[in-house]
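Understanding the architecture of this molecule
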Amino acid sequence: MTTASENGIVYDVAVIGAGPAGAQAAVSAAHQARHVLVLDAGPISHLKGRAFWSKSVQIEDAPVFEGVIGSHFMRALREWMATRPVREVTIGGRTRRTGIEYRPGYVLELQALDVEPTLFAMETSVEPLRGERPSKRTRFRARTVVVASGFDDVWPDIEVNEQAERLYQRYQTVFRFAGNRRGWHVCIRCDGHLHIDEHLAILALGDDAFGAARGAQDFTNKITILTNGRPHGLRAEDLATVQAQGIEIVETQIAAHIGQRTDLLGFRFADGTERYFDGFLVDEGLIPNTRYLDGWDVQTDEEGLLIVNDDRQVLTAAGEPVPGLFAAGDIVSGERNLIATAFALGQDAGLSATDSLREW
Ligand SMILES: Cc1cc2nc3c(=O)[nH]c(=O)nc-3n(C[C@H](O)[C@H](O)[C@H](O)COP(=O)(O)OP(=O)(O)OC[C@H]3O[C@@H](n4cnc5c(N)ncnc54)[C@H](O)[C@@H]3O)c2cc1C
């Protein structure tokens, strides 16, 4: 690991993450004549962003280009940001920079250097990480920060290689089927429409399983809850509802996927039986991408998502806004985890960050 060098610039707004929330925050702030830095871990780490993982399934419910799939969508967002390059403007005799500087960069640590006016530093790995270790590091500074780094879905614990260091290798078999039309889905609102009146398998426990089944009923009444060898964990009243709806619960451990190329067809269970389904939804929780906030006094919900106020400003545990720190997209607690929501939150956070920089 090398010591971080400083690039010398103090940006008006730094955005961490370049999914729909981060891209929109950056464009909205640049649109208000601010100098914006976007740090995006996607190109140099396994943290590609959730939009990327929709893979072969076309996004149909968001204001994006018709038929676009996840990885193309992420590229289109970068192209959109590139339409606002950095340039100098003179306002009332004062020259300043405006526009977006996009950098592949995995933010390792966020530090507050000053409060009045606010000043932040971001320790960032700007080259591909070796395993978990950063290589070349740069330190960026900004007056305000928008956190838009989203979260990672927890993938099912089936045929997982515990020894593998990298996420792809560990979940190689799961990833073969993840995000395909006939594969692992993580969002019933996004992909339920692909399985109208088809047999849907839901891998989840307790409240998550009940919530997923409730969502799935909009599309089908052929639902099986799989627990992969664990007790189902449903509350008594939810279990009664599930049973009344004819939803089957299978608590046998899953030994292996049964697939054909990138299509997932079913599972072989530990007792040797095989079951086949048309669609597969997993809800095993999430991992927030906020390690760079370790040690910060910020308020989170039980899943680790950030609590914000109406201006999208991050709150302390005591409920006070953290000066200069805003958040948008999936990382925000209590919002729908969807692309259009991420755009809306990104716009709010980008404009609020901009407003906070006004001098009179
Ligand atoms: C399989 C799948 C299918 C989906 N289908 C749909 C759909 O059809 N319609 C819909 O509306 N929604 C869909 N979604 C949900 C949608 O993708 C998310 O709600 C949306 O992408 C959230 O946007 P975001 O900008 O908050 O986060 P993300 O899109 O997750 O982007 C996060 C960004 O942060 C970066 N990042 C993470 N950590 C760091 C760090 N430490 N430093 C720097 N950068 C970092 C990542 O590289 C990425 O650029 C789907 C999600 C999945 C997984």
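Attention here is on the structure that accompanies the text. Along each chain, numbering runs from 1 in the same order as the chain's sequence is written. Per-residue local features of the predicted model are confined to residues with pLDDT of at least 70, and side-chain atom pairs are confined, for both listing and counting, to 80 or more; whole-chain, interface and lining totals are unaffected and use all residues. In computing side-chain properties, one takes all heavy atoms of the structure into account and sets aside hydrogens as well as water.

1. Overview of the packing of aromatic side chains
Only Phe, Tyr and Trp rings take part, Trp by its six-membered ring, and two of them pair if their centres are within 6.5 Å. Stacked means planes under 30 degrees apart, edge-to-face means over 60, and tilted covers everything else. Under the definition given, this model contains 13 aromatic pairs. Ring geometry for F73 and F343: centres 6.3 Å apart, planes at 75°, overall edge-to-face. Of this pair, F73 sits in helix α2 (residues 70-82) while F343 is found in helix α8 (residues 339-355), placing the two residues 270 residues apart along the sequence. For every residue, the accessible area (1.4 Å probe, protein chains only) is compared with the maximum for its type, and the residue is labelled buried under 20%, exposed over 50%, or partly exposed between those bounds. Classification of F73 as buried rests on a relative accessible area of 1%. Taking relative accessible area as the criterion, F343 reaches 12% and is therefore assigned buried. Both rings, one in W184 and one in F280, keep their centres 6.0 Å apart while their planes meet at 65°; by these two values the pair is edge-to-face. Of this pair, W184 sits in strand β9 (residues 184-185) while F280 sits in strand β16 (residues 279-283), and the two are 96 residues apart along the sequence. Elements are defined by DSSP. Helices are runs of H or I of four residues or more, strands are runs of E of two residues or more, and each kind is numbered from the N terminus.

2. Focus on the site of the ligand
Taken together, the neighbourhood of the ligand is formed by 35 residues, with D40, L47, R50, D61 and D330 sitting nearest. The definition of a polar contact used here is a pair of N or O atoms within 3.5 Å, where within protein one atom must be able to donate a hydrogen and the other to accept one, and adjacent residues in sequence count solely through side-chain atom pairs. At 3.3 Å from an oxygen atom of the ligand is found a main-chain nitrogen or oxygen belonging to A51. Take D330: an N or O atom from its main chain is 2.8 Å from an oxygen atom of the ligand. Bound to the protein, the ligand loses 98% of the 1,000 Å² it would expose on its own. Of all elements in the fold, only α1 (20-31), β2 (35-40), β5 (106-115) and α8 reach the threshold of two or more residues within the shell around the ligand. By residue class, the composition of the shell around the ligand is 19 nonpolar, 10 polar and six charged. Nearness is judged by heavy atoms alone; a residue qualifies as near a molecule or strand once a single heavy atom is within 4 Å of it. Each accessible area is a Shrake-Rupley result for a 1.4 Å probe, and residues are judged covered by the shown protein chains and nothing else. For this scheme, ten residues count as nonpolar: Ala, Val, Leu, Ile, Met, Phe, Trp, Tyr, Cys and Pro. Four count as charged, namely Asp, Glu, Lys and Arg, and the remainder, Gly too, count as polar.

3. Points about helix α6 (residues 206-216)
Those residues of α6 that sit buried are G206, A209, F210, A212, A213, G215 and A216. Among the structural elements, α5 (188-191), β10 (200-204), β11 (223-226), α7 (236-244) and β16 are those in contact with the buried residues of α6. Contact definition: two residues touch when any of their heavy atoms are within 4.5 Å.

4. Description of the packing of α1 against α2
Each axis is a line fitted through C-alpha atoms, and for a helix only the stretch in contact is used; angles between axes span 0 to 180 degrees, taken between their N-to-C directions. For the pair α1 and α2, the least separation of the axes is 10 Å and the interaxial angle reads 10°. With respect to α2, the element α1 is oriented roughly parallel. Contacts between α1 and α2 pair P20, A23, Q24, A26 and V27 from the former with F73, L77, W80 and M81 from the latter. In the contact of α1 with α2, the residues fall into eight nonpolar, one polar and no charged. Any angle between 65 and 115 degrees counts as roughly perpendicular, while under 35 counts as roughly parallel, over 145 as roughly antiparallel, and the rest as oblique.

5. Focus: α8
The end-to-end C-alpha distance of α8 is 24 Å, a good match for the 24 Å that 17 residues give at a rise of 1.5 Å each. Where α8 is concerned, the buried positions are I339, T341, A342, F343, L345, G346, A349, G350, S352, A353 and T354. To estimate how far a helix should reach, multiply one less than its number of residues by 1.5 Å.

6. Section: the pairing of β10
Of all five residues making up β10, five are buried, and the element is well covered by its neighbours. The alternating pattern of β10 places L200, I202 and A204 on one face and A201 and L203 on the opposite face, and all of these are buried. For β10 and β11, the ladder comprises four bridges, and the chain directions are parallel. The partner of L203 across the bridge, within β11, is L226. Once you follow β10 into α6 and on to β11, the crossover reads as right-handed. For two strands to be treated as a pair, DSSP must find no fewer than two bridges joining them. Bridge count between β10 and β16: five bridges; the pairing is parallel. Its bridge partner being in β16, L203 is matched across the sheet by V282. When the strands point away from the viewer and the connection leading from the first strand across the helix to the second strand turns clockwise, the crossover is called right-handed.

7. Considering the pattern of salt bridges
Criterion for a salt bridge: a side-chain nitrogen of Lys or Arg within 4 Å of a carboxyl oxygen of Asp or Glu. Using the criterion set out here, one finds 16 salt bridges in the structure. A salt bridge links R139 to E123; the nearest nitrogen and oxygen atoms lie 3.0 Å apart. Placement of R139 in strand β7 (residues 137-147) and of E123 in strand β6 (residues 118-125) is noted, with a sequence separation of 16 residues between them. Among the residues examined, E123 registers a relative accessible area of 9% and is labelled buried. A salt bridge links E248 to R275; the shortest N-O distance between them is 2.9 Å. With E248 in strand β12 (residues 248-250) and R275 in strand β15 (residues 274-276), this pair connects stretches of sequence that are 27 residues apart.

8. Focus on the sheet that holds β11
Reading across the sheet, the five strands line up as β9-β16-β10-β11-β12 and stay open at both edges, with parallel pairing between neighbours. Of all the strands in the sheet, the pair left with one neighbour each is β9 and β12. By the bridge criterion, two bridges tie β9 to β16 in an arrangement that is parallel. Bridged to W184 within β16 is F280. Together, β10, β11 and β16 form the strand contacts of α6, whose direction differs from that of β10 by roughly 155°.

It is worth stressing that arrangement in space is one thing and function is another; only the former is reported here.
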